[in-house]
There are 4 protein chains.
Amino acid sequence: MRIKDPNKKEAIFRAALSLVLEVGFSGLKISKVARAAKVATGTVYVYFNNKEELINQLYLELKKRSAQDYVKGLEEGQSFEDRFDIVWYNYLQRALEQPEEAAFLEQYYRSPYLDEGTLEATEELLLPIFSLLEEGQDQGKVKNLPVELLVAHLSGSLNELARWQHSGKISLGNTLKADARQLAWDSIKK
Amino acid sequence: MRIKDPNKKEAIFRAALSLVLEVGFSGLKISKVARAAKVATGTVYVYFNNKEELINQLYLELKKRSAQDYVKGLEEGQSFEDRFDIVWYNYLQRALEQPEEAAFLEQYYRSPYLDEGTLEATEELLLPIFSLLEEGQDQGKVKNLPVELLVAHLSGSLNELARWQHSGKISLGNTLKADARQLAWDSIKK
Amino acid sequence: MRIKDPNKKEAIFRAALSLVLEVGFSGLKISKVARAAKVATGTVYVYFNNKEELINQLYLELKKRSAQDYVKGLEEGQSFEDRFDIVWYNYLQRALEQPEEAAFLEQYYRSPYLDEGTLEATEELLLPIFSLLEEGQDQGKVKNLPVELLVAHLSGSLNELARWQHSGKISLGNTLKADARQLAWDSIKK
Amino acid sequence: MRIKDPNKKEAIFRAALSLVLEVGFSGLKISKVARAAKVATGTVYVYFNNKEELINQLYLELKKRSAQDYVKGLEEGQSFEDRFDIVWYNYLQRALEQPEEAAFLEQYYRSPYLDEGTLEATEELLLPIFSLLEEGQDQGKVKNLPVELLVAHLSGSLNELARWQHSGKISLGNTLKADARQLAWDSIKK
DNA sequence: TATGAATGAGGGTTCATTCAT
DNA sequence: GATGAATGAACCCTCATTCAT
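Everything quoted here is computed from the prediction, not taken from an experiment.

A. Up close: the overall build of chain A. Within chain A, the secondary structure is distributed over 10 helices and zero strands. Ordered by position from N to C terminus, the α and β elements of chain A give α-α-α-α-α-α-α-α-α-α. Seen through its C-alpha atoms, chain A measures out along the principal axes to roughly 60 × 35 × 30 Å. Nonlocal contacts in chain A, meaning residues at least 24 apart in sequence, comprise 68% of its contacts between residues at least 6 apart.

B. Region of interest: the relation of the copies chain B and chain A. Superposition of chain B onto chain A requires a rotation of 179° combined with a translation of 0.0 Å along the rotation axis, giving an RMSD of 0.2 Å. On this basis, the relationship between the two copies can be described by a two-fold rotation axis. The residues that chain B uses at the interface reappear at the interface of chain A in 100% of cases, marking a shared surface.

C. Broad picture of the interface of chain D and chain C. Of the residues lining the interface, 38 residues belong to chain D; the matching set on chain C comes to 38 residues. Summing both partners gives a buried area of about 3,300 Å² for chain D against chain C, and 66% of it is carried by carbon and sulfur. Area buried by chain D at its contact with chain C is led by Arg110, Leu149 and Leu183 of chain D, which between them contribute 24% of it. At the boundary of chain D and chain C, one finds four salt bridges. Taking the shortest distance from any N to any O, the salt bridge between Asp186 of chain C and Lys143 of chain D comes out at 2.4 Å. The interface formed by chain D and chain C holds six residue pairs in polar contact (both at pLDDT 80 or more) in total. At the level of secondary structure, the elements contributing two or more residues to the side of chain D that touches chain C comprise helix 1 (6–23), helix 6 (99–110), helix 9 (147–166) and helix 10 (174–188) of chain D. Looking at side-chain class alone, the side of chain D that touches chain C contains 20 nonpolar, nine polar and nine charged residues.

D. Representation of the arrangement of the chains within the structure. With no contact formed, the shortest span from any C-alpha in chain A to any C-alpha in chain C equals 32 Å. No interface is formed between chain B and chain D, the nearest pair of C-alpha atoms being 21 Å apart.

E. Quick peek at helix 10 (residues 174–188) of chain C. Given a rise of 1.5 Å per residue, 15 residues ought to cover 21 Å, and the 22 Å separating the end C-alpha atoms of helix 10 of chain C matches this to within 8%. Residues of helix 10 of chain C that are buried: Leu176, Lys177, Ala180, Arg181, Leu183, Ala184, Trp185, Asp186, Ser187 and Ile188 of chain C. The secondary structure elements touched by the buried residues of helix 10 of chain C are helix 5 (80–97), helix 8 (127–138) and helix 9 (147–167) of chain C together with helix 9 and helix 10 of chain D.

F. Spatial organisation of a negative patch on the surface. Residues and elements named next belong to chain D. A cluster of acidic side chains, namely Glu52, Asp115, Glu116, Glu120, Glu123 and Glu124, defines a negative patch on the protein surface. The leading source of residues in the negative patch is helix 7 (residues 116–123), at three residues. By relative accessible area, Glu124 is classed as exposed at 56%.

G. How the structure looks around the pattern of salt bridges. Residue and element names in this part refer to chain B. Under the criterion given, the structure shown has 56 salt bridges over all chains. As a salt-bridge pair, Arg65 and Glu61 come within 3.2 Å of each other at their nearest N and O atoms. One end of the pair is Arg65 and the other is Glu61, both in helix 4 (residues 51–70) and four residues apart, which spans about a single turn. Residue Glu61 is classed as partly exposed on the basis of its relative accessible area of 25%.

H. Molecular detail of the side chain of Ser66 of chain B. Along the chain, the position of Ser66 of chain B falls in helix 4. Setting aside its immediate chain neighbours within four residues, Ser66 of chain B contacts Arg94 and Glu101 of chain B.

I. How the structure looks around the side chain of Arg110 of chain C. Relative to the helices and strands, Arg110 of chain C resides in helix 6 (residues 99–110). At 3.0 Å, the side chain of Arg110 of chain C forms a polar contact with the side chain of Glu106 of chain D. Those residues within four positions of Arg110 of chain C in sequence are excluded, and the remaining contacts are Leu21, Val23, Gly24, Ala102, Ala103, Glu106, Gln107 and Arg163 of chain D.

J. Representation of the environment of Trp164 of chain A within the structure. Looking at the element boundaries, Trp164 of chain A is found in helix 9 (residues 147–167). Residues Trp164 of chain A and Leu96 of chain A, spaced 68 residues apart in sequence, show a C-alpha to C-alpha distance of 10.0 Å. Ignoring anything within four residues of it in the chain, the contact list for Trp164 of chain A reads Lys169 and Ile170 of chain A together with Phe130, Glu148, Val151, Ala152 and Ser155 of chain B.

K. Spatial organisation of unusual backbone geometry. Residue and element names in this part refer to chain A. Phi is positive for Lys38, close to 60°, though the residue is something other than glycine. Topologically, Lys38 is positioned in the loop between helix 2 (30–36) and helix 3 (41–47). Classification of Lys38 by relative accessible area gives exposed; the value is 76%.

L. Representation of a positive patch on the surface within the structure. The grouping of Lys29 and Lys32 of chain A together with Lys29 and Lys32 of chain B at the surface amounts to a positive patch. One can find Lys32 of chain A in helix 2.

M. Region of interest: helix 6 (residues 99–110) of chain A. Residue and element names in this part refer to chain A. In this model, helix 6 (12 residues) spans 17 Å end to end at C-alpha, consistent with the 16 Å of a helix rising 1.5 Å per residue. Judged by how many residues are buried, helix 6 sits mostly within the fold: nine of 12 residues are covered. For helix 6, the complete set of buried residues consists of Pro99, Glu101, Ala103, Phe104, Leu105, Glu106, Gln107, Tyr108 and Arg110.

N. Broad picture of the interface of chain B and chain A. On the side of chain A, 38 residues touch chain B, which itself brings 38 residues to the contact. Taken together, both faces of the contact between chain B and chain A bury some 3,300 Å²; the carbon and sulfur share is 66%. The interface formed by chain B and chain A includes four salt bridges. Applying the counting rule to chain B against chain A returns seven residue pairs in polar contact (both at pLDDT 80 or more). Only helix 1 (6–23), helix 6 (99–110), helix 9 (147–167) and helix 10 (174–188) of chain B provide two or more residues apiece to the side of chain B that touches chain A.

O. Focus on the environment of Val151 of chain D. Considering the arrangement of structural elements, one finds Val151 of chain D in helix 9. Look at Val151 of chain D and you get buried, because its relative accessible area is 7%. Put simply, Val151 of chain D and Ile188 of chain D are 37 residues apart on the chain and 9.9 Å apart in space, counted from C-alpha to C-alpha. If near-sequence neighbours (up to four positions away) are discounted, Val151 of chain D is found in contact with Trp164 of chain C together with Ile129, Phe130, Leu133 and Gly156 of chain D.

P. Representation of the packing of helix 4 of chain B against helix 6 of chain B within the structure. All names here are of chain B. Contact geometry of helix 4 with helix 6 gives a least axis separation of 11 Å together with a crossing angle of 130°. Considered as vectors, helix 4 and helix 6 are oriented oblique to each other. Here helix 4 and helix 6 pass one another in a crossing that is left-handed. Residue-level inspection shows Ile55, Asn56, Leu58, Tyr59, Leu62, Lys63 and Ser66 of helix 4 in contact with helix 6, the latter providing Glu101, Phe104, Leu105, Tyr108 and Tyr109. Its residues assigned to classes, the contact of helix 4 with helix 6 shows eight nonpolar, two polar and two charged.

The rules behind each value
- Residues numbered from 1 in each chain as written.
- Chains lettered and ligands numbered in written order.
- Predicted model: local features only at pLDDT ≥ 70, side-chain atom pairs only at ≥ 80, totals over all residues.
- Heavy atoms only, no water.
- Helix = DSSP H or I, 4+ residues; strand = E, 2+ residues; numbered from the N terminus.
- Contact = heavy atoms within 4.5 Å.
- Least-squares fit on C-alpha atoms with pLDDT ≥ 70 in both.
- Buried area = accessible area lost by both parts, 1.4 Å probe.
- Salt bridge = Lys/Arg side-chain N within 4 Å of Asp/Glu carboxyl O.
- Polar contact = N/O pair within 3.5 Å; in protein donor to acceptor, adjacent residues only side chain to side chain.
- Nonpolar A, V, L, I, M, F, W, Y, C, P; charged D, E, K, R; others polar.
- Expected span 1.5 Å × (residues − 1).
- Buried < 20%, exposed > 50% of the residue type's maximum accessible area, 1.4 Å probe, protein only.
- Patch = residues over 30% accessible without salt bridge, like charges linked within 9 Å, V, L, I, M, F, W, Y side chains within 5 Å.
- Areas by Shrake-Rupley, 256 points an atom, 1.4 Å probe, with all protein chains shown as cover.
- Lys, Arg positive; Asp, Glu negative; His and termini not counted.
- Charge placed at Lys NZ, Arg CZ, Asp CG, Glu CD.
- Axes fitted to C-alpha atoms, helices over the stretch in contact; angles between N-to-C directions.
- Parallel < 35°, antiparallel > 145°, perpendicular 65-115°, else oblique.
- Left-handed = near helix turned anticlockwise from the far one by under 90°.

Shown next as structure tokens:
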């Protein structure tokens, strides 16, 4: 018996992701995914039981990878301000570099494929960010508002910046990124 | 002879909108829209040549209505701060009251129905908001950053707040709304 | 009560006929017929109970008109040869001048609208032609073959000539018409 | 892996043909074709991109097959009269045996599916018949008229005979066939 | 009678999924 | 496991017919 090829699963993920950016969620056809991944249609069903499972597994995968990215570079002994900066830049960086991801997630949340269980499984992935902000509050550096409010505010701003950049309405060079970070910081700082 | 019933067009709009929130864009079937609007399938085609046209007209309609809402209550002689407040609250209010609208717009931008021409037709609708911020900059009250950056930041934050409220992750009472407005204000003020 | 307008019925007939030539039988939509006849869709149903009836009445009408045309100019005292000539030319003339009619009839015979009763009602219309050939046989001028065979042969040839003319594959001037008549005559003459 | 089954394409052709005879061109529904061919609806689309393509490919196929039939039995060294006889009988035979073909072709020429390119592709298929008549003219056996006129006359007559036979208005036994051939021959012979 | 908006059954086509190889 | 032909439910849209005016 041959063994499942992890490269193929990854290729299918990649294909699905790039297709969502290209043709939207409603244009995501299994046959197109297969062609883009250079496998046969039926092969997709070797790795996923059905389209829903493919989409939900892809969601999970994306969330895990992004969560890892957000905390990249965080180390013991860094000041709160430094840690905030790192996370903020990580988040922006990923949003800018992976426009497919945002496209996918936006569509996923509104789609009939959304699975409550899968959703819950990813909630904890943002815990490090919540903790970070609580840490800032404990140090008296961040406004004493519900962290959910702060996270919604910050992530909403960041995602929108990436969207506008992607659609060409703004052009984020290093200066503008720093300006945006300043906006974020000014808003939450005590 | 019966004459075209404007209520029907509106009913179809409403039905389409609420279905997008319910089942997503990819679940938006004309037959379902018709049923929800309490008309026959064919009737939809009396008012719209095809699905694409329905969706684009709905987009235009939503944009126009929201643009009108944003500037509601603005009057001559108000201070910049007051005007900012009004627009900010108007925006939040509409986002909270019309979750279908956000659902529709998010999906529209990613859909194959997106029409460049239709898009352009709505660009000017945000001009009043851009002007307002420029007014604040002229008065030395708002940071001298590209207004696009400011608008992306503010609207991204507001939309995300509405999303989190709608999904139950936060609960925006009057106090929290005021807090959020403070976040916004602190971020852009000079 | 207003009275049915015979001009409208005729206009509908004309519209239907010209549309069949233009778009074929399967492209014959009641709404298009109505538009072409400059009446409202519903008006068609004032004059005909349904599409089938419209088509069958049109068929009958065409058959009657053409049968009248075929014997136009026939008079007492003409020789058989002259009478054959007249009928042959009449038939060709009508086929050439009314390409819509041929288009309609060909499609009608193959269509699900074909009605056995309507068909029978037109059989007698060709009797004069059958009689004419029998007359020729009685005079020893025409081959003693079943007249149906002769009529099929002659009408098939004539219709095809008109078709080729209409499609541009031949160009029937007076000389060629006379040549074709000679072909016909040589074939049936004893 | 299954491979495309050529029998299926042929089965679809057959099904389409017999349906045209049965219910006419406008009654030709892909779903009915599929059922008659004993395949699923979608399978038709494995072999043809759409209805138009099915119809045009069928047209081409029929034309090719009939053109082959017409010259069956022709051999070197046969006299012109023998060759004319063979082709004339071949043509009649096919018309009698394949009434679906005539039904299909008549409708095709009047249909919106008619494709100019496909049409041209079949024009050369009749060349052998044109050549045959020219040969007869060269030998001084056939009237010196445009061969198009002769072909229109002969084929029109033959097709109509087959139609009348099929509709029961005549009954072509061997004697009557010979009579009809004599009609044809008398008409074109010098 | 005349109109054209409204209806809904039905057709062409797509595509998630299955299955024979 | 891999393939892609085969399947058929379901979608968009059309159009004969009806109906309110």
